[in-house]
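# A structural walkthrough
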Amino acid sequence: MLVYDDIADNKVVIYDKGVEVPEYSVTEEEFRASYRQGGEKVYPLQWKEPLRSECEHFLDCIRTGAPSRSSGEEGLRVVQILETAQRSLVNGGCELIVEF
């Protein structure tokens, strides 16, 4: 299990949790699943201001001519999805098809 907590010092913590299921049991009474509650590991994550990272990436693309991680086409798709979600919300949450 992975937990991300944006306001904690340890933003990403990985927990060793799971369910052990017996290979074979004939009856319901024989079936005994057991829960595994193992240790936890903090995943090191160096915080960096998101807008700064975005601007640095944009400048690097201009300097090197490398393609951007997100294109104008992707931005357009995001806007189309948000507009469709808004129309659905206004219409009581009805299912709509996103038009690309």
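Now for a description of the structure that goes with this document.

Conventions we followed
- Residues numbered from 1 in each chain as written.
- Predicted model: local features only at pLDDT ≥ 70, side-chain atom pairs only at ≥ 80, totals over all residues.
- Heavy atoms only, no water.
- Helix = DSSP H or I, 4+ residues; strand = E, 2+ residues; numbered from the N terminus.
- Buried < 20%, exposed > 50% of the residue type's maximum accessible area, 1.4 Å probe, protein only.
- Pairing = 2+ DSSP bridges.
- Axes fitted to C-alpha atoms, helices over the stretch in contact; angles between N-to-C directions.
- Phe/Tyr/Trp six-rings, centres within 6.5 Å; stacked < 30°, edge-to-face > 60°.
- Lys NZ or Arg CZ within 6 Å of the ring centre and 35° of its normal.
- Salt bridge = Lys/Arg side-chain N within 4 Å of Asp/Glu carboxyl O.

### Here's the deal with the environment of leucine 82
Among the secondary structure elements, leucine 82 is positioned in helix H2 (residues 72-90). Judged by its relative accessible area of 55%, leucine 82 is exposed. Put simply, leucine 82 and valine 98 are 16 residues apart on the chain and 9.3 Å apart in space, counted from C-alpha to C-alpha.

### So, the sheet that holds strand E3 (residues 34-43)
Strand order in the open sheet made by the 3 strands is E1-E2-E3, with antiparallel pairing throughout. The strands lining the two open edges of the sheet, one partner per strand, are strand E1 (2-4) and E3. Neighbouring strand axes in the sheet, compared pairwise and without regard to direction, differ in orientation by 25 degrees on average.

### Considerations on the packing of aromatic side chains
Two aromatic rings, taken as a pair, are described by how far apart their centres are and by the angle between their planes. The final tally for this structure, using the stated rule, is 0 aromatic pairs. Over the aromatic face of tyrosine 15 sits the side chain of lysine 17, whose NZ or CZ is 5.9 Å from the ring centroid.

### Some words on the side chain of serine 88
With respect to the helices and strands, the residue serine 88 is situated in helix H2. What makes serine 88 buried here is its relative accessible area of 14%.

### As for the pattern of salt bridges
Tallied over the entire structure, the rule returns 5 salt bridges. With a shortest N-O distance of 2.9 Å, arginine 36 and aspartate 16 are connected by a salt bridge. With arginine 36 in strand E3 and aspartate 16 in strand E2 (residues 12-20), the pair connects residues that are 20 residues apart, well separated along the chain. Under the relative-accessibility criterion, aspartate 16 is labelled partly exposed at 37%. Of the charged contacts, one joins aspartate 60 and arginine 63 as a salt bridge, the two residues approaching to 3.3 Å between their closest N and O atoms.

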